[in-house]
Each structure stands twice: as C-alpha cells, then as structure tokens.
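Listed here are the chains, written in short residue letters.
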Number of protein chains: 2
Amino acid sequence: MSNLVRFVFQSLDYDNSENQLFLEEERRMSHMGFRCLEIRRWVICGLIGFLTGLIACLIDIAVEELAGYKYSAVKQNIEKFTEFGGLSISLILWAALNSAFVMVGAIAVAFFEPIAAGSGIPQIKCYLNGVKIPCVVRLKTLAIKVFGVICSVAGGLAVGKEGPMIHSGAVVAAGVSQGRSTSLKKDFKIFEYFRRDTEKRDFVSAGAAAGVSAAFGAPVGGVLFSLEEGASFWNQMLTWRIFFASMISTFTLNFFLSIYHGKPGELSSPGLINFGRFDSDVSSVSISFSYSDAYIHRPCLQVMEAMLVAAVTATVAFAMIYFSNDCQPLGQDSTEEYPLQLFCADGEYNSMATAFFNTPERSVRSLFHNPPGSYNPLTLGVFTLVYFVLAVWTYGLTVSAGVFIPSLLIGAAWGRLFGILLSTITSSQSIWADPGKYALIGAAAQLGGIVRMTLSLTVIMVEATGNVTYGFPIMLVLMTAKIVGDYFIEGLYDIHIKLQSVPFLHWDAPPTSHWLTAREVMSSPVTCFNRVERVGRIVDVLSNTSTNHNGFPVVPGKICGLILRSQLIVLLKHKVFVERASSRLSQRRLQLKDFRDAYPRFPPIQSIHVSQDERECMMDLNEFMNPTPYTVPQETSLPRVFKLFRALGLRHLVVVDDENRVVGLVTRKDLARYHLGKDGLEELQLAQT
Amino acid sequence: MSNLVRFVFQSLDYDNSENQLFLEEERRMSHMGFRCLEIRRWVICGLIGFLTGLIACLIDIAVEELAGYKYSAVKQNIEKFTEFGGLSISLILWAALNSAFVMVGAIAVAFFEPIAAGSGIPQIKCYLNGVKIPCVVRLKTLAIKVFGVICSVAGGLAVGKEGPMIHSGAVVAAGVSQGRSTSLKKDFKIFEYFRRDTEKRDFVSAGAAAGVSAAFGAPVGGVLFSLEEGASFWNQMLTWRIFFASMISTFTLNFFLSIYHGKPGELSSPGLINFGRFDSDVSSVSISFSYSDAYIHRPCLQVMEAMLVAAVTATVAFAMIYFSNDCQPLGQDSTEEYPLQLFCADGEYNSMATAFFNTPERSVRSLFHNPPGSYNPLTLGVFTLVYFVLAVWTYGLTVSAGVFIPSLLIGAAWGRLFGILLSTITSSQSIWADPGKYALIGAAAQLGGIVRMTLSLTVIMVEATGNVTYGFPIMLVLMTAKIVGDYFIEGLYDIHIKLQSVPFLHWDAPPTSHWLTAREVMSSPVTCFNRVERVGRIVDVLSNTSTNHNGFPVVPGKICGLILRSQLIVLLKHKVFVERASSRLSQRRLQLKDFRDAYPRFPPIQSIHVSQDERECMMDLNEFMNPTPYTVPQETSLPRVFKLFRALGLRHLVVVDDENRVVGLVTRKDLARYHLGKDGLEELQLAQT
C-alpha cells in the first residue's frame, strides 16, 4: 500500500455514457432481452457467492492444517526437552517455524504484488466510491492475497484471516462479471454487456458482501457492509442480488467445512469461529505507509522485518508461558483443542500457552464461552497488554492480513477481565457473574472503536454469535464507541484514505461549504473538441501529460456532448477517420463491442501510432459522445453539486453559463479536496486523478 | 382509503429550493451551528423512538386487558350454561361483545378519519416516495388509528395490531420533528429549521423504522424496512439516526411491558409476541377500495358490515369449537394462557377454542412452540381454511387494522400441518419431527408471498424469533416466495398503489423506455414568470384550476430560476409588492421564517384577497426563486431523466433547448405514468398531481 501514492488514481465512471451506439443497442433490445440480462445478473451473483465461499473454505482449511502441524511439532519437541529442562531448543524451533511461514508470505507480497498487503478493504471501499486503485481487482492480487494470508496466520502473527476475504470476494466478482481474465489472456465471450464501470461496480459490491458473509457467516451483515461502506444510490433489485450472493457464499462455506469436519449437512450458522478482522488493516496499512516510506522501502527489508516480528512474537509468547504458571484443569466443558501441559500437573493445562498456540479465532471463542474461572485475572491482564503491543507492531508489516481478530481478542480479554473483577466485587451468582458476556461486549467495543461501523457491525456480531438477545447491548456499546471515538479522531478507514490522499467523496459536502459555488471549485479553462475534430489535435491533447484530462466537452460554442479519453483512444486505435466521403463507406462501422473489448485496460495514447497524413484527417465524434451530459450553472452551490455528483456517481460535471457555453468542468478531485477541519473549511492536497 | 382517489395528490419536494434566503442563512451559520443542528436531529430521533414505543405499549396493554376481560366473561357464561346444554346464549353474548368492540372502532374510523383505515403502510410508502396523501400524518389520524386498532383486535377480527404502529410512528415523527401541531394550534417554536419536506422525510422514515422495531422487536429490521421501502439516496448519518430511533423504541416498549408484566428489567428481545402484520393491509385497503366504491360508500353501511363480520367470525368460531372435539391435556410446557375446557374431560382443554380465543399473536406463538402432538391435523386443516376465508373478508372492512398477523397465522397453521404429515410419513424422531419449525417456515413463506420483501423481512423474522440459526432457511423460503409470486402478480403494495393510481416512482424506469426522451414525456407549454412579475398575472395563474401547476420556471428568455406555488402564496400573503421604490424600504423584508411558519399547510389562493390596485403592483421573485434548478436537454432519454429524478427526489425538472430556453417541465406524474405491461410499455391513467 505504501507505494499507492506513486500511482495516479483513475476515477471510475458510474454514469453511463448514453451515446448513439448505446441507445441504439438498448432500443434494439426486446423486453425479453432485458429479462435475460436480469437472469444473467442473478447467475453471476450466484457464481460470485459460490467461488468466494470456496476461497474462504480453502483459507480456513489450510490454516487449520498448518496450525495443527505446528502445534504437534512443538508439542513433541517440548515433551522431549522438558525433562532436560532446556526449553530453548523448543523456543528456537517454534520461532523458526513461525518465521519461515511469515517469510514465505512476506516474500510473495513484497516482491510480487505489494497491493496484496493488508486486507484490501480500504481499496475496495475506494473502488465502490469511484476511485480505481491500480491492480486492485486483478487475478494475480487474489492469488498472492490468499497465499499470503494463509502464511501470516499460520506464522502465528497477531493477525486474522477474514479481512482479505472481502478483497478476495471483490476480485472474484470483478473477474466473473466480465467473463474473462486479462491476466490469463482468456475471454469466454460471455457477459459482454456488463463490461462497463456501472455494472462492474454492482457486482463488486456483491462480491464484497459475499466476502463478509463468508468471513463471518453473516449474510445480512455482508449486505449491510457493502451498503454502508459502498453504495450511495440504493436500488432494491441490486440489494436482493447482493443478498443472494451473500447467502450462497455462506452456504457454500458451511457446506464444504461441514464435510471437512466430517459432519456433512450441519449447516447451522457457524457462529464465532467465523469472527474475523476486516477493517483495522486500514491502520495496518496506514502505519506501514507512514513509516515504511521513512526507512523501509526495499522489499527484502520488509521481509526481514516481518520475520523479526514473527520471531519476537514467538519469543514473547514463550517467555510469558514460561513465567506464568496459570494451570487450569482439563474439563469436558472446556472448548480447548490444543491443551498444553507444560509445567502443570497432570490433568491440567497451561492457559497462557493455549491462548498463544490457538489461532486467534479459537482464543476469542474460548474467552467468550469458557466457564467462569477458566482464566486468572493476572494472565488476562498481561496477555491483553502484550498482545496489544504485538498487534500494533504487526500492523506495519507487508503481509496479507488484517487486525479484526486481534481487536476482538484484545477486547474480549479485557472485557472478560472486567467481568471477573466486577463479579468479584458484586460477588453475585446471577447472570452478571458470567465473564463470557463481558468478553463479548468488550470485543464489540474494541472493534467498534476502531471501525466506527454501527449498523453492519451490530448485525455481523449478532449473526456471528447466533444470538439476538445480545443485539441491544452490542448496539449500545457500538454507538457509544463511535460517538466517543469520533470526538477524538476519525475512523481508521478515513485516516487511511486521507493518508493515501485518495480523492474520496464522503456522504455529504462539508456543512459550511455553502460559501462555495461551482464557479470556484471547477477547473477551467476546459479543453473542448468540436463535433468533427482534427485527429492531430486530439492526439496532441491526449498526449499532453501536463494536463491529462479524461473527459472532454464537445462544442461548437454551446455544449453539445461529452466524450471520454477512453472512447477517443478506441476511436484512434480503430482509425475511425474521415478522409474522403468514399472511404467512410468502405470503413467498418465501430460497434459498442469494440469499446467493451478494450475495457477496462485501454491502451495509453503513446502506444497508438498515427501517421503524419492521418493527423490531417478528421474524426466525427457525434455518435460516440454522450449527447446529454449533466450540466449545472456557475452559481450552483457546492453542496448541490456534491449531491448531484454523489447520487449519480458522476465523473465529470460540465459547468455552463446562461448561454449553455462551457465555462468549466468539475471532477471528483475538485470536490474531494474540501474538508472540514478544526477551524472551518480546509483544502487538502490530493493525489493526481 | 377508498376515498383517496377523490383527493388530488400533492407531490413533496425533496430537493431544497436553494434561494438567496436559504443560502444567506446557511452561510450565516457557523460550524458550531451545524453541530447543534446535528445534535438536535439526534434528540428528535430519540423522542420519536420513545413516543412510538409508548404508543406500541399502550396498544399492547389495552388489547391484553380487553381480551382478558372478554375471555373471562364468556368463560363464566359458558360454565354457567353448559350444564343446561344451551350454549346459544354464550354464543350470542360472545358475538355481541365482539360486534360492540368492532362497532365502536368502525364508527371512529368511518365517521371521523377514513384515512385511518387499514395500516397506513401504503400511505407511508407513498409519502417516503414523494407523494403526499392528505391528512396522513395528522395527529387526529394517529388518535383514531390507535383507538381503532385496539377495538378491532379486541373485537376478535382476523387482524393484528402491529401494522398501524408503523403509521403511528410516522405520524409521531412528522409531529415531533416540526415542533408543533397544527391540529392543536400549538407551536413550540423549536426545530423550525426542520420545517421543510427534505428534513421531514428523513424523520418520517425514522418514525416508520421505530414503528416496525416496536411492532416486531426488530430494530435492524426496522431500519432495513424504511430503507427498502422508502429511501432512495442512502446516507450513512441518516441511517445511524434511524437505527438510534429504532433502538430507543424497542427499548422503551420492552421496558414498560416488562414493568406491566411485573418483571421489570427483563429487556431481552421480546420475540414472537411482537410479531404483527404490517403490510397486507395494503390489500385490505385495495380491496375495500375496489368494492367499497361498488356499493358500500356510506359510513353507516361500512360500520354495519364490520359488525356483521365480527358476529360471523364469532359464530363460525363457535361452530367449529362445537363440532371439533380436539381435546389436549393441560401440560406445564404448554404456553396457553386461556385454556377452555368446554366439552373436554377435566385436565384437558379444547385446542380449537384456544386457537380462536387467543389473540392471533398468541396463537402464532403456540403454533411455533407447542410440543409435537398439541394439535391434530384435522383441526389445523379446518382452522386454516376457515381463518383464511375470514381474513380475506376482513380485508375489506373500514377498520384500523392490517393482516400481517393473519398471514402469519395461516402460514403457521398449514406449515405445522405440513410438518405433522411429513413426520408421520418419515416417522423419524430427528429434528425433522418438530412441527414447530415447519410452522415458522410456513409463516415466513405465506408472509413473503404477500409482501415480497426479502431482506428486511428476513431480519424481522430472525430478530422476532431471536434465533439466527433459522435465518438461512427463512431467506431461502422468502426468496422462493418472491420469485414465484412475482411471476404471477405484483406484490400487494404495488397492486394497491396502482389501484389508487398514485404517481409512484419505482426504483428504475421500465427497461424498454430508452425509446422515449424528455421531449416526449415533458408537459409543455410551461407557464413561466418573469424575474419581476405583475401580481395580477401571478394571481390569475395560481387561481387557474384547470392547470394547477406547482412549479414555475422564471425567465426572461433563458431559464434563470424556478419558483414554487407555495412560495408565491406566501409572497402574496405578505404582500411583498413593489409599488414605489420608497415603499419597498418601509416594507419588512421577508424571512425564511415566514415560509417555515406557513409550512406545510399553505393557504389556497382563493383565501388570499388581492385588491384591484395591488394587482397592478409588481413582485420581485429574484431572492425567492431557486436560481439553480436542475435542467436537462430535450434529447435526454427517459431512464436518464428518471434516474436524476429518483436519486435527487426532484419534483420538477426543467427541460431546456441548446439556448437554455425553457421548452418543457417534467413532473413526477409524467414519469410515473409509464409502466411495463405484458406487451411492452403502457401508459397508466394517474390521479391528478
């Protein structure tokens, strides 16, 4: 992520360019045709859900297996060496194992696809908002991400595995909905209708929802997540499709996991095991951004840092296990799967060791469900502190992971601690005495304070606990966490996005921005083209790197259309030139298909060779430009412009005078740069769009 | 409702008129000022939630009390007369009691506030969509509605009490957010900033959500309901406020109910008892509409019809109890509160009698939770049929009630029946043998088939059952119900709204409407005013009943603004005329406050007297008109216009030519009249807007 700022952000165009070609196609299409499209949309969403579920399943199983292997190896080793009193060998073995796992993962990320670091949620959020971050929905990213997260979780880092699933879901969606993979040079020639930003966005939000739903077994939570984070214009049919994708994905995951666990058909909500981090990665990324640039910029250094952290984590854990002699009896009701005897009497296990050897998910579950008295307060206290420090350090690594689980774990730990203390004070045996409930609330609070989501997070927590009764307290806690948090600092998403200086459009314009009008915010003068323009001029304008605009009003005097850089590129590539009337007939007429084939990776202007006499030809833009772009008068207030922009997902908004002459162009960047600071309105510096 | 068509529908204006007055106010306001506004919004939402919760609580308790009283009275009577074998007296008593209750309720509705019939959901849906149905958010409506629903439920009709709560919540919201009641002539002089359609709509959706949440103990479901049915542009802050209102309302309800039931502090999710109807009232209304006009138009007839139905319901029930001798042992585990021995041996109760004497909510709960074998298949079958017929008949009555509960009851009955049969076939003692689960699924299916909501309904059902495990099957059932249902006919909301010929804007334009452009749909010629217009002309235009427009472009030649009828009315009322330069100074300058005081009930033009020489004065519209109305060129395709309209909640959209001259005006009606029929695009006849 740290290298994001080096990219130039592309804006996405969520407003269809309704040019002649498009309208002709739409008008040719029968009622039946539209119904088929609708069905195809449902099929795609089904596929997205299915594949996302499979990926989640793969990650889950791989992590389980590796963790199990690691545990048994270390266990044997410990048993072999405890009698000689020399545990150092076991420590070294353990540290080595972890570092090895982490190294592999870190290498994959750092050397092959740096964008796969973190969970990718902020990138997806930006994508849904309309900012395209390069390579974010590529197949390669997906592969590295999945591989990386398996390694880092298996490497015992203070991270979880659910965050990246959201990114994975989004990538799957972007791939499936286009019916081809540019990386694999494979085009299935299906779903071509959906090859434009508007459609693609809808599927990507479905993918993100499917990811959440697979990660937390929370289909409704998934839908709410992608609505709360992504959608601006809420469309009922779309919501239902998203919902469908989420359902399928949870179902797939549960189905295959149930087979893997040998109880096929047990599809009841998977509950807490599916808790996972899917947000704080933001800060992980933001911090890595903030100091990676400071001194760690070379991949090998990043890898070494990751390995160091892994080793330290192991050592610290080991030390704590060594010095804490917190032995608990092995009860039937205990949910531990990896009890470690260590220095405890027979029939007992070392709870600290358990806490560190378990995957974080299991630890969270134990904290929630273990009977009162399973942990002693001191252990919890120390664990909370140490784990917190580790988690913060881990944030900065270039590994594919997030910190949702760590947050939950920390929250659960101090929540349970609080519960224990309270029950000792009140010494009542009522419901108040169950520290597990406090653990749950603590986890929610910790998480809410980091993410600042209320609605979707509540639903996710409720769906993940499988119990509605706690819904109300969880809501209250999340609300409080949000209000208190917002008072001091923004949520991690926003911090991160600001650090990246992404031109991100929030829900509303800053309240005090009524002072500003379109005249002040618009960029002008605007480069315009004529309905029939000289090829040479077009090439020159497009090649001009100093002002690389993406949309050009088409005029003679009055505004009569808007044409996009991408469209012009395609036109140039196919040499749709007008030399003589005759040649025009001979020439193949350009189809919408040609534009779709080029989507989304339009070649750069440099790659298109235009000969000297071709430069003298003319290009007729009439049937390719969007003849009805949205326009506003110069006096329109910023909030009004903003609302139009946000509600319609615009990329360019033409500002005209009374005579309908173009006087300026408002782009996403012009709006995003205004921000409400402590002392009124501020202007941000944004990456170039 | 049947008289709705006699009204002229008013459109609401969800796009702020950003005239000079407004902008000046916004610009005067400091950052702190906006924060205060935000806090006030939260306070209002809290109030809305609290009051809605109270009302729900009131209805609940009143119904409980009356039902209890009725039960004991009839029970005594039966016990007194069974030995003489003459049950006819008890029957008469019972029928009389029911009819009495229903009569009172029907009278209140039919004579005092016909709009309070049904649940009011369709009206609220229209309101959120932007169509204002007269009197729908008045205090009087609320009072009648609450009173009416108590009577009709207590009267033993096949109706429930939850539907109207949504309407009640909306009315509360509309009242509280305005800080005054026009009916009571009371103005608290607070929240004046919120006296415009945009703000009011947001609060009304919060109110509706609070209603759902109180009705079903489903806060998240409430939020989803008002988003799924109402919102178009999804705003995060708004959603959180809605969520807050819902939480408060559930909390309030549970808190007071827990006190009433003598277990204060038990706030765990109230579960199924809060199930209630909140949708099919639509059909109740639509049917009443469809044949009320046919022969029942006079209130007294409507009252008599209601009483008749009540009596018949009682008789039928009685007959069934008499002929069915389905005796069940009185177990501890049985949840019956009103067991009736009747012709059963001691220690047993007549399950049919129970089914009829219980409030529907209780019956539903029993169907869900009673142990296998509590009902015999025959009873269930007969009950389902009879109750279905009764419910359908009850639809048509002019009583304040809905049919959500009946649908659930019917669904639960045949669901359980299905379950019993299945278990007898498979004769397995596994989970499959619990008919209660089938009852739940059946209820969901029945309901889903009627409402066609998926997301919100799933959440509501899950929250109401308090168990996430059933979430997935419920989702599947609802999806199936929707798909199958949509294949045959629209959902009841849409049927109803169509019957009312309300100019309702759906989510998208009909797919095949790309043929149409703004030029074809717009209404033209348009009555325009000049920046400085003769008072006489304005009065004449406004008084012209044949064309009662509500928005007028302001021009000299080019479009330079848009002014609303309501604004002109206020200007005329305050006689903001320009006679001589001198008088202008003397005259008090009009404030935004003056417009807010007049909102929402602007006086009709007839009530404003303008003398002959005043007619010769001029009116300067410059600072009152909206100088930046949204405009589109004539070639814009209908879907594009539609999207703009829907996303921004517009009321008027000005169509201009290349020269920016006004050529037409698109209103909601122009868009709503196009509809996709069996054979392509159709035009509907709509009530005048």
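Reading the values: rules and limits
Residues numbered from 1 in each chain as written. Chains lettered and ligands numbered in written order. Predicted model: local features only at pLDDT ≥ 70, side-chain atom pairs only at ≥ 80, totals over all residues. Heavy atoms only, no water. UniProt positions renumbered as here; feature names shortened; annotations may be inferred. Helix = DSSP H or I, 4+ residues; strand = E, 2+ residues; numbered from the N terminus. Contact = heavy atoms within 4.5 Å. Areas by Shrake-Rupley, 256 points an atom, 1.4 Å probe, with all protein chains shown as cover. Buried < 20%, exposed > 50% of the residue type's maximum accessible area, 1.4 Å probe, protein only. Least-squares fit on C-alpha atoms with pLDDT ≥ 70 in both. Buried area = accessible area lost by both parts, 1.4 Å probe. Salt bridge = Lys/Arg side-chain N within 4 Å of Asp/Glu carboxyl O. Axes fitted to C-alpha atoms, helices over the stretch in contact; angles between N-to-C directions. Left-handed = near helix turned anticlockwise from the far one by under 90°. Nonpolar A, V, L, I, M, F, W, Y, C, P; charged D, E, K, R; others polar. Phe/Tyr/Trp six-rings, centres within 6.5 Å; stacked < 30°, edge-to-face > 60°. Pairing = 2+ DSSP bridges. Core = buried A, V, L, I, M, F, W, Y, C linked by side-chain atoms within 4.5 Å. Expected span 1.5 Å × (residues − 1). Patch = residues over 30% accessible without salt bridge, like charges linked within 9 Å, V, L, I, M, F, W, Y side chains within 5 Å. Right-handed = clockwise from strand over helix to strand, strands pointing away. pLDDT = per-residue confidence, 0-100.

An unreviewed UniProt entry lists chain A under the name Chloride channel protein, with Cyprinus carpio carpio as the source organism. Under the UniProt heading Sequence similarities (unreviewed entry), the note attached to chain A is "Belongs to the chloride channel (TC 2.A.49) family." The annotation that UniProt attaches to chain A under Subcellular location (unreviewed entry) is "Membrane".

Right, let's talk about the overall build of chain A for a bit. Assigned secondary structure in chain A consists of 26 helices and 15 strands. Sequence-distant contacts, at least 24 apart, represent 77% of the contacts inside chain A between residues at least 6 apart. Accessible area of chain A: about 25000 Å², with a carbon and sulfur share of 63%.

This part is about unusual backbone geometry. Across the chain, the bulk of peptide bonds are trans and the bulk of non-glycine residues have phi less than zero. The residue after Ser524(B), namely Pro525(B), is reached through a cis peptide bond having omega 0°. Along the chain, Pro525(B) turns up in the loop between helix 20 (518-521) and strand 7 (532-534). Positive phi, normally seen in glycine, also occurs at Cys135(A), with a value near 65°. Along the chain, the position of Cys135(A) falls in the loop between strand 2 (131-132) and helix 5 (139-154). Classification of Cys135(A) by relative accessible area gives partly exposed; the value is 23%.

For the rest of this paragraph, the subject is the relation of the copies chain A and chain B. Mapping chain A onto chain B calls for a rotation angle of 180° and an axial translation of 0.0 Å; the resulting RMSD is 0.0 Å. Here the two chains are linked by the operation of a two-fold rotation axis. In this assembly the copies share their binding face: 99% of the residues contributing to the interface of chain A also contribute to that of chain B.

Take the interface of chain A and chain B next. At the junction of the two partners, chain A supplies 80 residues and chain B supplies 79 residues. When the two sides are added together, the surface that chain A and chain B hide from each other amounts to roughly 7100 Å², 68% of it contributed by carbon and sulfur. In this assembly, chain A and chain B are joined by 4 salt bridges.

It is worth spelling out the packing of helix 7 (residues 197-216) of chain B against helix 9 (residues 236-260) of chain B at this point. For any two helices packed against each other, one specifies the inter-axial angle together with the distance between the axes. Residue and element names in this part refer to chain B. Put simply, helix 7 and helix 9 touch, their axes get as near as 8 Å, and they point 35° apart. By crossing handedness, the relation of helix 7 to helix 9 is classed as right-handed. In contact with Asp202, Ser205, Ala206, Ala209, Ala210, Ser213 and Ala214 of helix 7, helix 9 contributes Leu238, Ile242, Ala245, Ser246, Ser249, Thr250 and Leu253. When its residues are assigned to classes, the contact of helix 7 with helix 9 shows 8 nonpolar, 5 polar and 1 charged.

What follows concerns the packing of aromatic side chains. Residues and elements named next belong to chain A. Applying the stated rule across the entire model yields 28 aromatic pairs over all chains. When the centroid spacing of 5.0 Å and the interplanar angle of 45° are considered together, the rings of Phe529 and Phe552 count as tilted. Here the residue Phe529 occupies a position in the loop between helix 20 (518-521) and strand 7 (532-534), and Phe552 occupies one in strand 8 (residues 551-554), the gap between them amounting to 23 residues. This pair shows no difference in class: Phe529 is buried, exactly as Phe552 is.

This part covers the pairing of strand 13 (residues 662-667) of chain A. Within a regular beta strand, the side chains point alternately toward one face of the sheet and then the other, so they alternate between its two faces. All names here are of chain A. For strand 13, the buried fraction is high: 5 of the 6 residues fall into the buried class. In the sheet, strand 12 (residues 652-656) pairs with strand 13 via 5 bridges, with the strands oriented antiparallel. Opposite Val656, over in strand 13, you have Val662 as the bridge partner. The antiparallel pairing of strand 12 with strand 13 creates a hairpin that spans 5 residues between the two strands, and Asn660 there sits at a positive phi of about 70°.

What follows deals with the nonpolar core. Counting 237 residues, the largest nonpolar core has Val220(A) and Val220(B) as the members making the most contacts within it. Among all residues touching Val220(A), those that are not within four sequence positions of it are Phe243(A), Val459(A), Glu463(A), Leu224(B), Leu455(B), Val459(B) and Met475(B). Grouped together as the second largest cluster of nonpolar side chains are 44 residues, Phe645(A), Ala647(A), Met522(B) and Tyr630(B) included.

Take the sheet that holds strand 11 (residues 631-633) of chain B next. All names here are of chain B. Strand order across the open sheet formed by 3 strands is 11-12-13, with mixed pairing between neighbours. Strands with a single pairing partner mark the edges of an open sheet, and in this sheet they are strand 11 and strand 13 (662-667). For this sheet, the mean angle separating the axes of adjacent strands, direction not counted, is 35°. Packed on one face of the sheet, helix 26 (residues 638-648) meets strand 11, strand 12 (652-656) and strand 13 and runs near 145° to strand 12.

Attention shifts here to helix 14 (residues 377-395) of chain B. Turn by turn, an α-helix covers 3.6 residues, leaving residues three or four places apart pointing in a common direction. Spanning 19 residues, helix 14 of chain B covers 27 Å between terminal C-alpha atoms, matching the ideal 27 Å at 1.5 Å per step. For helix 14 of chain B, the full list of buried residues reads Thr379(B), Leu380(B), Gly381(B), Phe383(B), Thr384(B), Val386(B), Tyr387(B), Leu390(B), Ala391(B), Thr394(B) and Tyr395(B).

All names here are of chain A. Strand order in the open sheet formed by 3 strands is 11-12-13, and the pairing between neighbours is mixed. Both edges of this open sheet fall to strand 11 (631-633) and strand 13, since each of them pairs with a single strand only. On average, each strand axis in the sheet is inclined to that of its neighbour by 35°, with strand direction left out of account.

Residue and element names in this part refer to chain A. A contiguous nonpolar surface patch, about 510 Å² in accessible area, is contributed by Met103, Val104, Ile107, Phe111, Phe112 and Phe147. Per element, the largest residue contribution to the nonpolar patch is 5 residues, and it comes from helix 3 (residues 88-112). Mapping Phe147 onto the fold places it in helix 5. Note on Phe147: relative accessible area 39%, which makes it partly exposed.

In this section: the pairing of strand 12 of chain A. Residue and element names in this part refer to chain A. In terms of residue burial, strand 12 counts as a mostly covered element, since 5 of its 5 residues are buried. A two-sided burial pattern is seen for strand 12, the buried positions comprising His652, Val654 and Val656 on one face and Leu653 and Val655 on the other. Note: strand 11 against strand 12, 3 bridges, orientation parallel. Residue Val632 lies in a different strand from strand 12, and its bridge partner there is Val655. In terms of handedness, the path from strand 11 via helix 25 (residues 638-648) over to strand 12 forms a crossover that is right-handed.

All names here are of chain A. Scored by pLDDT, chain A has a mean of 80; 84% of the residues are at 70 or more. Per-residue pLDDT stays below 50 along residues 1-7; that stretch engages in 20 contacts with residues further than four places along the chain or on separate chains. A low-confidence stretch, residues 269-295 (pLDDT under 50), is modelled with 110 contacts involving residues beyond four sequence positions or located in other chains. Interface confidence for the predicted complex, expressed as ipTM, amounts to 0.85; the pTM equals 0.87.

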